[in-house]
Amino acid sequence: MPKVEISENLNRVRKRITTSCAACARDPQSVTLLAVSKSRPAQDLRTAFAWGQQHFGENYVQEAVEKQAQLTDLDICWHFIGPLQANKTRVVAEQFHWLHSLERLKIAQRLSTQRKHSMPPLNMCLQVNIDNEPSKSGVNADNLITLAKAVAALPNLRLRGLMALPAPQQNATAQSQPFLRLAQLLTQLRTQLPQHPWDTLSMGMSADMELAIACGATTVRIGTDIFGPRQAQHDLLRS
Ligand SMILES: *Cc1c(COP(=O)(O)O)cnc(C)c1O
């Protein structure tokens, strides 16, 4: 396998963010680049960090804990972006700054209880099943406000926004629809629960980052285009 040039890849992704922001008259500072580091060794995160990358997204609790133990000397902002089981919430409550994939009240209740009072509140995005597919993760749009209100009542958590992983579509127009719907839902939440910041739209990955930014993304989650292709076997083993 050729050595992946993480620094060059990061530069290229940053340039894409700047270009997409210019195209829709947005401030490039309004988009946070989240480097999705699942299946990558701690050394790759260290390399990216040395190149100015501070936000990292992990999908699997055990894997994340192992890497965190090797990177305690770095001031990394850790985001948990994968499905979270109830018996694994403690690690996220104690060792992460963000959770993007909240879809059930029970998980929020556990996180709220387990978050130490000495820590700042855990930043939360609610994951929306924006395509309304029965098999997919996330809360359905119809149940979003109810979940948001219940989570809003819990201490030690800070509701920041929404996350979605829309299915790939044939063309840009179709691909924009779920992003625009997610942006609309965020606007609704702002009026219904104005005491929370609601400043985060976590959407867009390597393949659809530009469209997501055009539709208002404030956090893009990029794995492949920073670290290179993942080994398919890893994803299969972990799924
Ligand atoms: C893997 C993953 C990404 C990154 O996907 P790429 O296509 O590799 O950029 C983003 N978000 C989530 C939730 C992921 O699991």
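See the structure shown above.
As the structure is a prediction and not an experimental result, all values here were calculated from the model.

**Student:** Describe the overall build of the protein, and please don't skip the residues or the numbers.
**Tutor:** Summing up its helical and strand segments, the protein has ten helices and eight strands in all. The C-alpha atoms of the protein give 17 Å as radius of gyration, which agrees with the globular expectation for 239 residues (18 Å, within 12%). Its C-alpha atoms put the protein at 50 × 40 × 35 Å along the principal axes. The burial tally for the protein puts 49% of its 239 residues in the buried class. A separation threshold of at least 6 residues defines the contact pool for the protein, and within that pool the share at least 24 residues apart is 58%. Total accessible area on the protein is roughly 11700 Å²; 52% of this is exposed by carbon and sulfur atoms. Charged side chains in the protein number 26 positive and 19 negative. The centres of these two groups are separated by 5 Å.

**Student:** Go over the packing of aromatic side chains with me, naming the residues and quoting the values.
**Tutor:** Scanning the entire structure with this criterion turns up three aromatic pairs. With a centroid separation of 6.4 Å and 70 degrees between ring planes, the pair formed by Trp 78 and Phe 96 is classed as edge-to-face. Of this pair, Trp 78 sits in strand E3 (residues 77–80) while Phe 96 sits in the loop between helix H4 (89–95) and strand E4 (98–102), and the two are 18 residues apart along the sequence. Phe 96 matches Trp 78 in its accessibility class, with the two residues each being buried. Taking the centre distance of 5.5 Å and the plane angle of 90 degrees together, the rings of Phe 80 and Phe 96 count as edge-to-face. Taken together, the residues span a long stretch of sequence, with Phe 80 in strand E3 and Phe 96 in the loop between H4 and E4 at a distance of 16 residues. Overall, Phe 80 belongs to the buried group, its relative accessible area being 1%.

**Student:** Explain the site of the ligand residue by residue, including any values.
**Tutor:** Surveying the vicinity of the ligand reveals the residues Val 36, Lys 38, Asn 59, Ile 81, Leu 165, Met 205, Ser 206, Arg 221, Ile 222, Gly 223, Thr 224 and Arg 230. A distance of 2.5 Å separates an oxygen atom of the ligand from a polar atom in the side chain of Ser 206. Within the side chain of Arg 230, an N or O atom sits 2.8 Å from an oxygen atom of the ligand. Within the complex, the protein chains bury 90% of what would otherwise be the 390 Å² of accessible surface of the ligand. Cavity membership is defined here by more than half of the atoms lying within 2 Å of grid points; on that basis the ligand lies in the largest pocket. Class assignment for the residues of the shell around the ligand results in five nonpolar, four polar and three charged.

**Student:** Which residues make up the environment of His 196, and what values go with them?
**Tutor:** Inspection of the secondary structure assignment puts His 196 in the loop between helix H7 (172–192) and strand E7 (200–202). Each C-alpha atom of the pair His 196 and Pro 229 lies 37 Å from the other, and the pair is 33 residues apart in sequence. If we ignore the near neighbours within four places in the chain, the residues touching His 196 are Ala 152 and Leu 159.

**Student:** Any details on the layout of surface pockets? Residues and values, ideally.
**Tutor:** Size it by volume and the largest pocket reaches roughly 820 Å³. Around the largest pocket, the lining is made up of 33 residues, and of these Lys 38, Asn 59, Leu 165, Met 205 and Arg 230 lie nearest the centre. Elements represented by at least two residues in the lining of the largest pocket include exactly strand E8 (219–222) and helix H10 (232–238). Within the lining of the largest pocket, the residues separate by chemical class into 14 nonpolar, eleven polar and eight charged.

**Student:** Any details on the side chain of Arg 115? Residues and values, ideally.
**Tutor:** For Arg 115, the location among the structural elements is in the loop between helix H5 (105–114) and strand E5 (122–127). Here Arg 115 is buried and forms no salt bridge, its nearest opposite-charge partner Glu 94 lying at an N-O distance of 9.0 Å. Among the polar contacts listed, one links the side chain of Arg 115 to the backbone oxygen of Phe 96, at a separation of 2.8 Å. There is a polar contact of 2.9 Å between the side chain of Arg 115 and the backbone oxygen of Pro 120.

**Student:** Explain the packing of helix H6 (residues 144–152) against H7 to me, using residue names and the numbers behind them.
**Tutor:** Relative to each other, H6 and H7 sit at 45 degrees, their axes nearing to 11 Å. Taken as axis vectors, H6 and H7 run oblique relative to one another. In this structure, H6 crosses over H7, and the sense of that crossing is right-handed. Along its contact with H6, which presents Leu 144, Ile 145, Ala 148 and Lys 149, the element H7 presents Leu 185, Leu 189 and Gln 192. Here the contact of H6 with H7 is built from residues that sort into five nonpolar, one polar and one charged.

What counts, and at which threshold
- Residues numbered from 1 in each chain as written.
- Predicted model: local features only at pLDDT ≥ 70, side-chain atom pairs only at ≥ 80, totals over all residues.
- Heavy atoms only, no water.
- Helix = DSSP H or I, 4+ residues; strand = E, 2+ residues; numbered from the N terminus.
- Rg over C-alpha atoms; globule rule 2.2 N^0.38 Å.
- Buried < 20%, exposed > 50% of the residue type's maximum accessible area, 1.4 Å probe, protein only.
- Contact = heavy atoms within 4.5 Å.
- Areas by Shrake-Rupley, 256 points an atom, 1.4 Å probe, with all protein chains shown as cover.
- Lys, Arg positive; Asp, Glu negative; His and termini not counted.
- Charge placed at Lys NZ, Arg CZ, Asp CG, Glu CD.
- Phe/Tyr/Trp six-rings, centres within 6.5 Å; stacked < 30°, edge-to-face > 60°.
- Near = heavy atom within 4 Å.
- Polar contact = N/O pair within 3.5 Å; in protein donor to acceptor, adjacent residues only side chain to side chain.
- 1 Å grid on protein atoms, 1.4 Å probe; cavity = no way out; pocket = protein on both sides within 12 Å on 5 of 7 lines; lining within 4 Å.
- Sits in = over half its atoms within 2 Å of the grid points.
- Nonpolar A, V, L, I, M, F, W, Y, C, P; charged D, E, K, R; others polar.
- Points joined across faces, edges and corners; volume = space filled by probe spheres on them.
- Salt bridge = Lys/Arg side-chain N within 4 Å of Asp/Glu carboxyl O.
- Axes fitted to C-alpha atoms, helices over the stretch in contact; angles between N-to-C directions.
- Parallel < 35°, antiparallel > 145°, perpendicular 65-115°, else oblique.
- Left-handed = near helix turned anticlockwise from the far one by under 90°.

Functional significance is not addressed by these values, which are geometric in nature.
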